[in-house]
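What follows is the residue order along each chain.
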Amino acid sequence: MANDPRHDAVEVIGTKRDRGELTDDQIDWVVDAYTRGEVADEQMSALAMAILLNGMTRREIGRWTAAMIASGERLDFSSLSRPTADKHSTGGVGDKITLPLAPLVASCGVAVPQLSGRGLGHTGGTLDKLESIPGWRATLTNGDLLAQLESVGAVVCAAGDGLAPADKKLYALRDVTGTVPAIPLIASSIMSKKIAEGTGALVLDVKVGTGAFMQTADDARELATTMVALGQDAGVHTVALLTDMSTPLGLSAGNAVEVRESVEVLAGGGPADVVELTLALAREMLAGAGRSDLDPAEKLADGSAMDVWRKMIAAQGGDPDAPLPSARETHVVTAPATGTLTRLDALAVGVAAWRLGAGRARKEDIVQAGAGVVWHARPGDTVREGEPLFTLHTDDADRFARAVEALENGYDVGDASSYDPVPLVIDRVS
Ligand code: URA
C-alpha cells in the first residue's frame, strides 16, 4: 500500500473535517501509512482531532480497529490446555483489582494473559505496582508468556512492541494533542490490543466518575457498548461492567501500598469494595470462559488464589516473601470535624498520590515504589476530629504541601443523613 496513489492524508483529513464517512480503503491506508511514517504526526493529529469532534460510525470504528490489529502480530493461545479470559479496566484511582483477580481466576482453571501498561497521569499502572515487589520483572518473551500461562495459569506482563504498533504510536500522539478522550479512538485503542492478544473471553471494567476518563454513565455506556460490539464481532466473548470511580477503590492509592492491600484480599481479608469488584469481575470472566459453575469466593477463602499469586510472582523473578518497600517520609492529615465521611473524591486522591511520586507526568519518569496515599475511612464511615484521615507516603518531604493541597477539597465530613451511597457496579453491557 506504499505511496498508494488513491489517497493522500489531506484528502482523508478533509473527509472527516467535513463530517464525511471514511471508506474502508481510506482507513486501511491512513493507519498503515502513519505506522510506516509516511503520514506525518501533524497530519495524524489533525485527523485525530477531526475524529474527536465529528465522531465515527460503527463501521469506521470496526475497520480502524482491524487496521490497528493488522499493523502488528497476533498471539495464539490455542495450544493451551485451558480456556483464556482477560480483564481490562479503563483506569481508576486505587484500581489494584488485576492483582488479586488474575491469580483468582487462574485458580479456577481459566488462564489469564494480562498484558498491561504503565500508568500516566493520576491513574496508576498495574506494572508500576508489581514492580515494587523486589526482583519482579514485567518483560517476558511470547514463549515465556505461553509457558507461564500453561504452568501457573496467570501472567501480568508488559505488552510487547509487536502488538498493535499503530496504537502505540497513535496513543503517544493523542496524549500530547488533547485527543485522548474520543470514544472511537479509546474503543479502537483498547480493543485492538485485546483482540491481538488473543484472549478467548474479555471483561471490560469501564469506570465512571471524577477519577475516570468517562465522567458520566451515558458516556461510559457508549464506550462500553462500542467495545463490546468490537469484541463480539472479532469472536471474543466480551461483556462490560460500568463501575463507580467517583470514590477511589479500597484504602490505598500508590504502588507498594496497593500490593499490600491486594495481598490482604488474597489472604481472605481486605476492603469490602475491592473484594466485591474482584469477585464480580471473576464471575464474569469465568462465565465468558464457560465456567460459571465455579464460585471464586471459595478460592479466595481456601487459599488457592494466594498459592497462584505466589507462583505468578516467583515465575517473573519476584520474591513474594520479601518486605515491600516503604517511603522514607510520612505525613498525617487529620479529620477536621467529627461526623460521617460523606464524600471522598477519586481525582483528588489520584492527584495527591501522583504528586507524592507514585505516578509519572511523562513516560520516561521513574515512579517511587513506596509513594502513595492511605486513607483510614471510606464514605459512610464515622470519623473523629483530630484523628488520622489520610497518611501520605513519599521519599521527598517537599512533596507533601502540594499533595495536601490536592486533598483539600477532595472530601466532606458531615451529617450521616447527607451521605448518599453510590452502587459500585452501576450497569452491565453485553
Ligand atoms: N487506554 C488505552 O489503551 N487507550 C486509550 O485510548 C485510552 C485508555
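Preceding this paragraph is the structure being described.
Owing to the predicted nature of the structure, the values given are computational and were not obtained by experimental measurement.

Near the ligand, the surroundings consist of Tyr171, Arg174, Ile186, Ser189, Ile190, Lys193 and Phe213. Contact distances for the ligand include 2.9 Å between an oxygen atom and a side-chain N or O atom of arginine 174. At 2.6 Å, a side-chain N or O of serine 189 approaches a nitrogen atom of the ligand. In isolation the ligand has 230 Å² of accessible area, and contact with the protein removes 91% of it. When contributions to the shell around the ligand are tallied by element, the ones reaching two or more residues are helix H8 (165–175) and helix H9 (183–197). With four residues, H9 is the largest single contributor of residues to the shell around the ligand. For the shell around the ligand, the per-class residue count stands at four nonpolar, one polar and two charged.

What follows concerns the layout of surface pockets. Its boundaries defined by the atoms lining it, the second largest pocket holds a volume of some 360 Å³. Asp244, Thr247, Pro379, Tyr419 and Val422 are the residues nearest the centre of the second largest pocket, which is lined by 20 residues in total. Those elements that provide at least two residues to the lining of the second largest pocket are helix H12 (272–288) and strand S8 (339–344). Ranked by the residues each element gives to the lining of the second largest pocket, the list is headed by S8, at three residues. Considering only residue class, the lining of the second largest pocket consists of nine nonpolar, four polar and seven charged. When residues of the lining of the second largest pocket are assigned to domains, at least three map to each of domain 2 (85–315) and domain 3 (329–418).

Here is what the cut-offs are and how they apply
- Residues numbered from 1 in each chain as written.
- Predicted model: local features only at pLDDT ≥ 70, side-chain atom pairs only at ≥ 80, totals over all residues.
- Heavy atoms only, no water.
- Near = heavy atom within 4 Å.
- Polar contact = N/O pair within 3.5 Å; in protein donor to acceptor, adjacent residues only side chain to side chain.
- Areas by Shrake-Rupley, 256 points an atom, 1.4 Å probe, with all protein chains shown as cover.
- Helix = DSSP H or I, 4+ residues; strand = E, 2+ residues; numbered from the N terminus.
- Nonpolar A, V, L, I, M, F, W, Y, C, P; charged D, E, K, R; others polar.
- 1 Å grid on protein atoms, 1.4 Å probe; cavity = no way out; pocket = protein on both sides within 12 Å on 5 of 7 lines; lining within 4 Å.
- Points joined across faces, edges and corners; volume = space filled by probe spheres on them.
- Domains from an automatic or database assignment.

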